[in-house]
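Each chain, letter by letter, is given below.
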Amino acid sequence: MSPAPSRQPRMPREERRRQLLDAAMQVFVEHGYHGASMDDIAVAAQVSKPVLYQHFPGKHELFMDLLETQVQVLSTALTEALGSTDDNRERVRATIRAYFQFMDRTDRAYRLLFDSGLNNDPAVATHLESLTYEFASEIANIIAVDTRLPREHALLLGHGLAGLVQSAARYWATQPEGPARPDLDEATELAFRLTWRGISRFPKEQPAG
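Bear in mind the structure is a predicted one, so any value in this text is a computation, not a measurement. Here the residue index of a chain counts from 1 through its sequence in written order. Where local features are concerned, this predicted model is filtered to residues with pLDDT of at least 70; where side-chain atom pairs are given and counted, the filter is 80 or more; whole-chain, interface and lining totals use all residues. Side-chain measures were taken over the full set of non-hydrogen atoms in the model, leaving aside hydrogen atoms and water.

### Observations concerning the UniProt feature "domain: HTH tetR-type" (unreviewed entry) in the chain
Phase 1 of the analysis: UniProt positions are given in the numbering used here, feature names are shortened, and annotations may be inferred rather than shown by experiment. Look at the UniProt record and you will see "domain: HTH tetR-type" (unreviewed entry) annotated at residues 14–74.
Phase 2 of the analysis: Segments assigned H or I by DSSP are reported as helices when at least four residues long, segments assigned E as strands when at least two residues long, and all are numbered from the N terminus. Within residues 14–74, the helical portion is 87% and the strand portion 0%, while the C-alpha atoms at the span's ends are 23 Å from each other.

### Brief notes about helix 7 (residues 122–146)
Phase 1 of the analysis: The span expected for a helix works out to 1.5 Å for each residue beyond the first. Taking 1.5 Å as the rise per residue, helix 7 with 25 residues should run 36 Å; its terminal C-alpha atoms sit 36 Å apart, in good agreement.
Phase 2 of the analysis: Note on exposure labels: buried denotes an accessible area under 20% of the residue type's maximum, exposed denotes more than 50%, and partly exposed covers the range between, all computed with a 1.4 Å probe on protein chains only. Taken residue by residue, helix 7 has V124, A125, L128, L131, F135, A136, S137, I139, A140, I142 and I143 as its buried positions.
Phase 3 of the analysis: What makes two residues a contact is simply this: any of their non-hydrogen atoms within 4.5 Å. Among the structural elements, helix 4 (59–82), helix 5 (88–103), helix 6 (110–114), helix 8 (151–174) and helix 9 (184–200) are those in contact with the buried residues of helix 7.
Phase 4 of the analysis: Contacts described as polar in this section are N or O atom pairs within 3.5 Å, which, within protein, must combine one atom able to donate a hydrogen with one able to accept it, while residues neighboring in sequence count only if both atoms come from side chains. At the N-terminal end of helix 7, a side-chain oxygen is found 3.0 Å from the backbone nitrogen of A123, two or three residues along, and the residue is D121.

### Examining the UniProt feature "DNA-binding region" (unreviewed entry) in the chain
Phase 1 of the analysis: Mapped onto this numbering, the UniProt entry annotates "DNA-binding region" (unreviewed entry) at residues 37–56.
Phase 2 of the analysis: Secondary structure content for residues 37–56 is 75% helix and 0% strand, while the C-alpha to C-alpha distance between its ends is 13 Å.

### Here we look at the confidence of the model for the chain
Phase 1 of the analysis: Values of pLDDT, the confidence the predictor places in each residue, fall between 0 and 100. Overall, the prediction assigns the chain a mean pLDDT of 89, with 92% of residues at 70 or greater.
Phase 2 of the analysis: Element-level pLDDT for the chain is lowest in helix 9, with a mean of 89, against a maximum mean of 96 in helix 2 (residues 38–45).
Phase 3 of the analysis: In this model, residues 204–209 is a region of pLDDT below 50 whose contacts with residues beyond four sequence positions or in other chains number 3 contacts.

### Some thoughts on the environment of P57
Phase 1 of the analysis: Mapped onto the elements of the fold, P57 is located in the loop between helix 3 (49–55) and helix 4.
Phase 2 of the analysis: Owing to a relative accessible area of 64%, P57 belongs among the exposed residues under this scheme.
Phase 3 of the analysis: Along the chain, P57 and V71 lie 14 residues apart, while their C-alpha atoms are 21 Å from each other.

### Here's the deal with the packing of aromatic side chains
Phase 1 of the analysis: Under the pairing criterion, centres of Phe, Tyr and Trp rings, with the six-membered ring standing for Trp, must be within 6.5 Å; the plane angle then separates stacked pairs below 30 degrees from edge-to-face pairs above 60, leaving the rest tilted. Applying the stated criterion to the full structure yields 6 aromatic pairs.
Phase 2 of the analysis: Seen in terms of ring centroids, F28 and F63 are 5.2 Å apart; in terms of plane orientation they differ by 85°. Their pairing is edge-to-face. Here the residue F28 occupies a position in helix 1 (residues 13–35), and F63 occupies one in helix 4, the gap between them amounting to 35 residues.
Phase 3 of the analysis: F28 sits in the buried class, given a relative accessible area of 3%.
Phase 4 of the analysis: Arranged with centres 5.4 Å apart and planes meeting at 75°, the rings of Y33 and F63 form a pair that is edge-to-face. Here Y33 is found in helix 1, whereas its partner F63 is found in helix 4, with 30 residues between them in sequence.
Phase 5 of the analysis: Its relative accessible area of 10% is what places Y33 among the buried residues.
Phase 6 of the analysis: Among the residues examined, F63 registers a relative accessible area of 0% and is labelled buried.
Phase 7 of the analysis: Linked through ring pairs, F28, Y33 and F63 together constitute an aromatic cluster.
Phase 8 of the analysis: Only lysine NZ and arginine CZ atoms are considered, and such an atom sits over a ring when it is within 6 Å of the ring centre and within 35 degrees of the ring normal. Between the NZ or CZ atom of K59 and the centre of the ring of Y33, over which it lies, the distance is 4.3 Å.

Now the structure itself:
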């Protein structure tokens, strides 16, 4: 049995909430959704369970709070990267780098989005599908500008390229560090070269029909 948490001084409500979220992040990242419990989170935060339940009615609500925050963090990073330049080639590079940087964070927040074991939950799936659609749509805008393709064709390619970046970044983030693992700059450049070469071919091709 885990030892009872020591008595903690009272904190302002928002400060306490932040403390609980930080502790919950560590527990969910380490154990996944199904392997984590409210007991584990209370122990990690060094509070009693009643204190935890004063702020969050249950594990699912606590997880969703963290998920929504991290989805917004990644979405904001991608939006800022897309707006960082008017050069479409560099916009693609900056956006891919932003994705890899999110996956490279020391807190491993990406596990909440992609490796929690809760991705089939309707609420979780809705948030992740919205993030993917937004990312793919932004890429499609770049493709549409640089090619003759109609919007729906560009959107299909945008989803393909978004999936490529997400899959490559997830794979890279889970590999042990060592000489064989590309560093952040190398990984970003590899994914960018594959992505941009695919996009840049289309202006040289004639539309079908």
